[in-house]
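Single-letter residue listing:
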Amino acid sequence: MNNSIEQSIGSIALVVKDYDDAIVFYTQKLQFELIEDTDLGNGKRWVLISPPNSSGTKLLLAQASNAEQELAVGNQAGGRVFLFLQTNDFWRDYHLMQANGVEFTEEPRVEEYGTVAVFKDLYGTKWDLLQLN
C-alpha cells in the first residue's frame, strides 16, 4: 500500500454569462480546446476547456444561474489577475491573441521571472500571459 499523498487540481470553475459565447471566445481567440460539453439538463452543462497541448488543470465553464453568480462574472478575483496562461513562446501567443482581438491592458514587460502581459477575457476577467525564464 502506497501511503504517499498524490493530488492535483483537475479543474477550476470560471463563472460565465453564456456557455456558447465563452466557448467561442476561448476556442477561437485563445485557441483553447473544447474537451467536453455535456448537457446536464435544466439548462446546465458540463463544459471543460483547456489550453492547446496541456496536460494540466482545465477550466470548467459554469454559466451563472442566479443574481449573486452574475455579479461574479468577470470579477472572480476582485479586480486582480485571476488566471495565469503559461506559454513556451510569449511573442507568438501575444501577437496571435492581438490579431484575434484579445484586449491587453498593458504593454508586455520583462520581469525577473519572465515575460508577461495582462489581458482580459470576454467578460473582463484578468489573465496573465506568461513565459517563465
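Residues numbered from 1 in each chain as written. Predicted model: local features only at pLDDT ≥ 70, side-chain atom pairs only at ≥ 80, totals over all residues. Heavy atoms only, no water.

The name an unreviewed UniProt entry gives the protein chain is Lactoylglutathione lyase, with Shewanella piezotolerans as the organism.

Some thoughts on the overall build of the protein chain
What the protein chain contains, in helices and strands, is three helices and nine strands. Along the first, second and third principal axes, the C-alpha set of the protein chain runs to 50 × 45 × 25 Å. Looking at the 133 residues of the protein chain, the share that counts as buried comes to 33%. Carbon together with sulfur atoms contributes 47% to the accessible area of the protein chain, which is approximately 8,300 Å² in total. One way to put it: in the protein chain the 10 positive side-chain charges average out to a point 3 Å from where the 19 negative ones average out. (Helix = DSSP H or I, 4+ residues; strand = E, 2+ residues; numbered from the N terminus. Buried < 20%, exposed > 50% of the residue type's maximum accessible area, 1.4 Å probe, protein only. Areas by Shrake-Rupley, 256 points an atom, 1.4 Å probe, with all protein chains shown as cover. Lys, Arg positive; Asp, Glu negative; His and termini not counted. Charge placed at Lys NZ, Arg CZ, Asp CG, Glu CD.)

Quick word on the side chain of Thr-125
With respect to the secondary-structure elements, Thr-125 resides in the loop between strand E8 (114-120) and strand E9 (126-132). The contact partners of Thr-125, leaving out residues within four places of it in the chain, are Leu-14, Gly-74, Phe-82, Phe-119 and Lys-120. (Contact = heavy atoms within 4.5 Å.)

A closer look at the packing of aromatic side chains
Given two aromatic rings, their pairing is described by the distance between the two centres and the angle made by the two planes. Under the defined criterion, the tally for this structure stands at ten aromatic pairs. Look at Phe-90 and Trp-91: their rings are 5.0 Å apart centre to centre, the planes differ by 85°, and that puts the pair in the edge-to-face class. Each ring, one from Phe-119 and one from Trp-127, has its centre 5.7 Å from the other, and the planes form 20°; the classification is stacked. With relative accessibility at 0%, the residue Phe-119 sits in the buried group. An aromatic cluster is present here, built from Phe-25, Tyr-26, Phe-32, Phe-90, Trp-91, Tyr-94, Phe-104, Phe-119 and Trp-127 joined pairwise through their rings. (Phe/Tyr/Trp six-rings, centres within 6.5 Å; stacked < 30°, edge-to-face > 60°.)

Let's talk about the layout of surface pockets
Computed from the structure, the largest pocket encloses a volume of approximately 240 Å³. Looking at the lining of the largest pocket, the elements with two or more residues in it are strand E5 (81-86) and helix H3 (90-99). No other element matches the four residues that H3 contributes to the lining of the largest pocket. Its residues placed into classes, the lining of the largest pocket shows seven nonpolar, five polar and three charged. Counted as a void, the second largest pocket has a volume near 210 Å³. Forming the boundary of the second largest pocket are 14 residues, of which Tyr-19, Lys-44, Arg-45, Ala-62 and Gln-63 lie nearest the centre. (1 Å grid on protein atoms, 1.4 Å probe; cavity = no way out; pocket = protein on both sides within 12 Å on 5 of 7 lines; lining within 4 Å. Points joined across faces, edges and corners; volume = space filled by probe spheres on them. Nonpolar A, V, L, I, M, F, W, Y, C, P; charged D, E, K, R; others polar.)

Observations concerning the sheet that holds strand E1 (residues 11-16)
In spatial order, the strands read E1-E4-E3-E2; together these four strands make up an open sheet with mixed pairing. Each edge of the open sheet carries a strand with a single partner, namely E1 and strand E2 (33-41). Along the sheet, successive strands turn relative to each other by an average axial angle of 25°, direction set aside. Pairing between strand E3 (residues 44-50) and strand E4 (residues 58-63): three bridges, direction antiparallel. Across the sheet, Leu-48 pairs through a bridge with Leu-60, a residue of E4. (Pairing = 2+ DSSP bridges. Axes fitted to C-alpha atoms, helices over the stretch in contact; angles between N-to-C directions.)

Quick word on the side chain of Asp-93
Its place among the elements puts Asp-93 in helix H3. Engagement of the side chain of Asp-93 in a polar contact is seen with the side chain of Thr-87, the distance being 2.4 Å. Contacts of Asp-93, omitting those with residues within four sequence positions, involve Thr-87 and Leu-129. (Polar contact = N/O pair within 3.5 Å; in protein donor to acceptor, adjacent residues only side chain to side chain.)

Quick look at the UniProt feature "domain: VOC" (unreviewed entry) in the protein chain
UniProt's entry tags residues 8-132 with the feature "domain: VOC" (unreviewed entry), counted in the numbering of this structure. Annotated as residues 8-132, this span is 22% helix and 42% strand, and its ends, taken at the C-alpha atoms, are 21 Å apart. (UniProt positions renumbered as here; feature names shortened; annotations may be inferred.)

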